[in-house]
Amino acid sequence: MNNEVAVIKTGEGEMVIEFWTDVAPKTVENFKSLAKKGFYDGTAFHRVVKDFMIQGGDPNTKDPDDVSSYGTGGPGYNVKAEFNDRPHKRGVISMARSNDPDSAGSQFFICLGEASFLDRKYTAFGMLKSGDDVLGKIGDAPVGMSGSGERSRPVDRIEVQSIKIVPADSIK
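Residues numbered from 1 in each chain as written. Predicted model: local features only at pLDDT ≥ 70, side-chain atom pairs only at ≥ 80, totals over all residues. Heavy atoms only, no water.

## Structural notes on the overall build of the protein chain
Right, on to step 1. The secondary structure content of the protein chain amounts to two helices and 11 strands.
Right, on to step 2. In the protein chain, the order of α-helices and β-strands from amino to carboxyl end is β-β-α-β-β-β-β-β-β-α-β-β-β.
Right, on to step 3. In terms of overall size, the protein chain behaves like a compact globule, its C-alpha atoms giving a radius of gyration of 15 Å where 172 residues would be expected to give roughly 16 Å.
Right, on to step 4. Expressed as lengths along the three principal axes of its C-alpha atoms, the size of the protein chain is roughly 40 × 35 × 30 Å.
Right, on to step 5. If you sum the accessible surface of the protein chain, you get close to 8,100 Å²; carbon and sulfur atoms cover 49% of it.
Right, on to step 6. Of the side-chain charges in the protein chain, 22 are positive and 25 negative, and the distance between the mean point of each set is 2 Å. (Helix = DSSP H or I, 4+ residues; strand = E, 2+ residues; numbered from the N terminus. Rg over C-alpha atoms; globule rule 2.2 N^0.38 Å. Areas by Shrake-Rupley, 256 points an atom, 1.4 Å probe, with all protein chains shown as cover. Lys, Arg positive; Asp, Glu negative; His and termini not counted. Charge placed at Lys NZ, Arg CZ, Asp CG, Glu CD.)

Here is the structure:
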């Protein structure tokens, strides 16, 4: 049923995500499509909130000098929310959005811990299959103030070198 996974290659190592096509088919298709086009390559995890989540997928993060625009970029369209019953817990990947439930585009976050207050309000669409140590390293990165006044901007750039969509059976 689910024969492809995402390999997120970062400076800290690789994370492998398996998709939940059964509960969020359009979201999974959008993420795979963007990844296959190289949309995410060279972006950065621009938001790290300790014990909560790491956020990436903003094309504006390709420019290391334009940090004021981080968190505002997208693919130029939105994806309709696919809220579901999968719990937001460590390793779950979900779509970031604004207050509008249907405003997700390319930004995503991976939970560092239990975040049940997001359940059925954000589109969870997959789960970390391997690379929990990498998730932990990114989650422990030193952070400073972001433009919004939140203490969540990584002090050092955490680059997403690439996100590749590969057959699940090609991963050990």
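Let's pick the thread back up.
## Some remarks on the pairing of strand β2 (residues 13-19)
Successive side chains on a regular strand alternate, one facing one side of the sheet and the next facing the other.
Right, on to step 1. In terms of strand pairing, strand β1 (residues 4-10) meets β2 through six bridges, oriented antiparallel. Bridge pairing in β2 places Ile8 opposite Met15.
Right, on to step 2. Counting the residues that bridge the hairpin from β1 to β2 gives two residues.
Right, on to step 3. For β2 and strand β8 (residues 124-130), the ladder comprises four bridges, and the chain directions are antiparallel. Paired with Ile17 across the strands is Leu128, a residue of β8. (Pairing = 2+ DSSP bridges.)

## What to know about the sheet that holds strand β7 (residues 108-111)
What links the strands of a sheet is backbone hydrogen bonding, and the strands pair in either a parallel or an antiparallel sense.
Right, on to step 1. The antiparallel open sheet is built from nine strands, whose spatial order is β3-β11-β1-β2-β8-β6-β7-β5-β4. With partners counted over all chains shown, the strands left at the sheet margins are β3 (43-44) and β4 (47-49), one partner each.
Right, on to step 2. Where helix α1 (residues 25-36) meets the sheet, its contacts fall on β1, β2, β6 (92-95), β7, β8 and β11 (159-167), and the angle it forms with β11 comes to roughly 115 degrees.
Right, on to step 3. Strands β1, β2, β4, β5 (53-56), β7 and β8 of the sheet are contacted by helix α2 (residues 132-139), whose axis makes an angle of about 115 degrees with β2. (Contact = heavy atoms within 4.5 Å. Axes fitted to C-alpha atoms, helices over the stretch in contact; angles between N-to-C directions.)

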